[in-house]
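# Breakdown of the fold
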Amino acid sequence: MAEVSSMAFNFFSRGKSERAKALGDRLPPGQYVTEKWQVLHYGSVPRIDLATWEFRVFGLVDQEIRLGYDQFVALPRKTVTADVHCVTRWSMFDSEWEGVPFLEVMRLAMVKPEAKFVIVHAAQNFTANLPLDDVARDNVLFIDTRNGEPISPEHGWPLRLMVPHLYFWKSAKWVRGIEFTSEDRPGFWEGYGYHMRGDPFQEERYDWQ
Ligand SMILES: Nc1nc2c(c(=O)[nH]1)N[C@H]1C(S)=C(S)[C@@H](COP(=O)(O)O)O[C@H]1N2
Ligand SMILES: [Mo]
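Now for a quick tour of the structure.

## A closer look at the overall build of the chain
Looking only at helices and strands, one finds 5 helices and 11 strands in the chain. Per-residue burial for the chain yields a buried fraction of 49% across its 209 residues. Within the chain, counting contacts between residues at least 6 apart in sequence, those at least 24 apart form 66% of the total. Total accessible area computed for the chain in this model is approximately 10,900 Å², and 52% of it derives from carbon and sulfur atoms.

Written as structure tokens, this is what we have:
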């Protein structure tokens, strides 16, 4: 009803304690809310040529896949409304993410039952590891659009992963491929001690904590 939507709309104009109450269980421990989408990554923004861009699916699959850009964007698409939680403690609520479901890619590749983990491969050798259970979900997407606008190169254009329920470092920008494995293997940030899973509600930030 009108009451409910105006409550959401006035979120940022209200006092701190009221805001905390309204957030209820949605804000993970140790996080604060921001409206601005910040840019964070290691290294420089890669220059990407769509003519040579390729998306690869390999590892424990029955069907290895290589798709050009036009082929990838022709796959079925979906929109998901979800929050972002960055391990540097900012959270951003209610973005509308649009792209190709992870499950759609899994279906095309015919993933073998032995597969238990995923390594996401991105430009400049960036990688992130995820349990298969965390990505084989309806709301995990390869996105190129947020709130109806194409994402900028700084945010991962032409393609990034979006895993809403884990810390945002798992959502690799400039994705080039997906590898299915039976064993877990640390990705880029995980190699520096970031958590192998990264659940913000459990505060799985760094393994040395
Ligand atoms: N390819 C790539 N993806 C990456 C990273 C990176 O260094 N390289 N950093 C991760 C981290 S640590 C964060 S917090 C988010 C930030 O995404 P944003 O800049 O769109 O907010 O991207 C993640 N994806
Ligand atoms: Mo991060």
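That was the structure; now back to the text.
## What to know about the pattern of salt bridges
Here the structure, examined in full by the defined rule, presents 13 salt bridges. For Lys170, the salt bridge goes to Glu190, with nearest N and O atoms at 2.7 Å. Of this pair, Lys170 sits in the loop between β10 (160-162) and β11 (175-181) while Glu190 sits in the segment after β11; the two residues are 20 residues apart in sequence, bridging distant segments of the chain. A relative accessible area of 6% means that Glu190 is categorised as buried. The salt bridge partner of Glu203 is Arg205, with a shortest N-O separation of 2.7 Å. The class of Arg205 is buried, set by a relative accessible area of 1%.

## Some points on the site of ligand 1
Around ligand 1, a shell composed of 19 residues is seen, among which Gln38, Tyr42, His155, Arg160 and Lys173 lie nearest. A distance of 2.8 Å separates an oxygen atom of ligand 1 from a polar backbone atom of Tyr42. A distance of 3.5 Å separates a nitrogen atom of ligand 1 from a polar atom in the side chain of Trp189. With the chains in place, 97% of the 530 Å² that ligand 1 exposes on its own is no longer accessible. With respect to the detected pockets, ligand 1 is housed in the largest pocket.

## Points about the nonpolar core
Ranked by size, the top nonpolar core spans 38 residues in total, and within it Phe55, Phe72, Phe102, Phe142, Leu161 and Phe180 carry the most contacts. Listing elements by their share of this core, those giving two or more residues are β2 (54-59), β3 (65-68), α3 (69-73), α4 (102-109), β6 (117-122), β7 (127-131), α5 (132-135) and β11. Among the elements that take part in this core, α4 stands out by supplying 4 residues, more than any other. Excluding residues within four positions of it along the chain, Phe142 makes contact with Phe55, Phe72, Glu98, Gly99, Val100, Phe102, Val105, Leu159, Arg160, Leu161, Val175 and Ile178. Grouped together as the second largest cluster of nonpolar side chains are 13 residues, Met92, Trp97, Ile151 and Phe168 included.

## Let's talk about the pairing of β6
The element β6 is extensively covered by neighbouring structure, given that 5 of its 6 residues are classed as buried. In terms of strand pairing, β6 meets β7 through 5 bridges, oriented antiparallel. Residue pairing in the sheet places Val120 in a bridge with Ala128 of β7. Here β6 folds back onto β7, and the loop between the two strands holds 4 residues, one of which, Gln124, carries a positive phi near 55°.

## Quick look at the packing of aromatic side chains
All chains considered together, the criterion is met by 19 aromatic pairs. Considering the side-chain rings of Phe126 and Phe188, the 5.5 Å spacing of their centres and the 40° angle between planes classify their relative orientation as tilted. Of this pair, Phe126 sits in the loop between β6 and β7 while Phe188 sits in the segment after β11, and the two are 62 residues apart along the sequence. Neither Phe126 nor Phe188 differs from the other in exposure class; each is buried. With a centroid separation of 6.4 Å and an interplanar angle of 55°, the aromatic rings of Trp189 and Tyr192 are classed as tilted. Using a relative accessible area of 22% as the deciding quantity, one classes Trp189 as partly exposed. Overall, the relative accessible area of 55% leaves Tyr192 in the exposed class.

## Some thoughts on α4
If you check which residues of α4 are buried, you get Phe102, Glu104, Val105, Met106 and Ala109. Where α4 ends, the next residue or the one after it, Met110, has phi of about 50°, a positive value.

## Quick word on the environment of Tyr32
Mapping Tyr32 onto the fold places it in strand β1 (residues 32-33). Here the alpha-carbon distance between Tyr32 and His85, two residues 53 residues apart in the chain, equals 9.1 Å. Not counting the four nearest positions on each side in its chain, Tyr32 is found in contact with Leu27, Gln38, Arg89, Trp90 and Ser91.

How each quantity is defined
- Residues numbered from 1 in each chain as written.
- Chains lettered and ligands numbered in written order.
- Predicted model: local features only at pLDDT ≥ 70, side-chain atom pairs only at ≥ 80, totals over all residues.
- Heavy atoms only, no water.
- Helix = DSSP H or I, 4+ residues; strand = E, 2+ residues; numbered from the N terminus.
- Buried < 20%, exposed > 50% of the residue type's maximum accessible area, 1.4 Å probe, protein only.
- Contact = heavy atoms within 4.5 Å.
- Areas by Shrake-Rupley, 256 points an atom, 1.4 Å probe, with all protein chains shown as cover.
- Salt bridge = Lys/Arg side-chain N within 4 Å of Asp/Glu carboxyl O.
- Near = heavy atom within 4 Å.
- Polar contact = N/O pair within 3.5 Å; in protein donor to acceptor, adjacent residues only side chain to side chain.
- 1 Å grid on protein atoms, 1.4 Å probe; cavity = no way out; pocket = protein on both sides within 12 Å on 5 of 7 lines; lining within 4 Å.
- Sits in = over half its atoms within 2 Å of the grid points.
- Core = buried A, V, L, I, M, F, W, Y, C linked by side-chain atoms within 4.5 Å.
- Pairing = 2+ DSSP bridges.
- Phe/Tyr/Trp six-rings, centres within 6.5 Å; stacked < 30°, edge-to-face > 60°.

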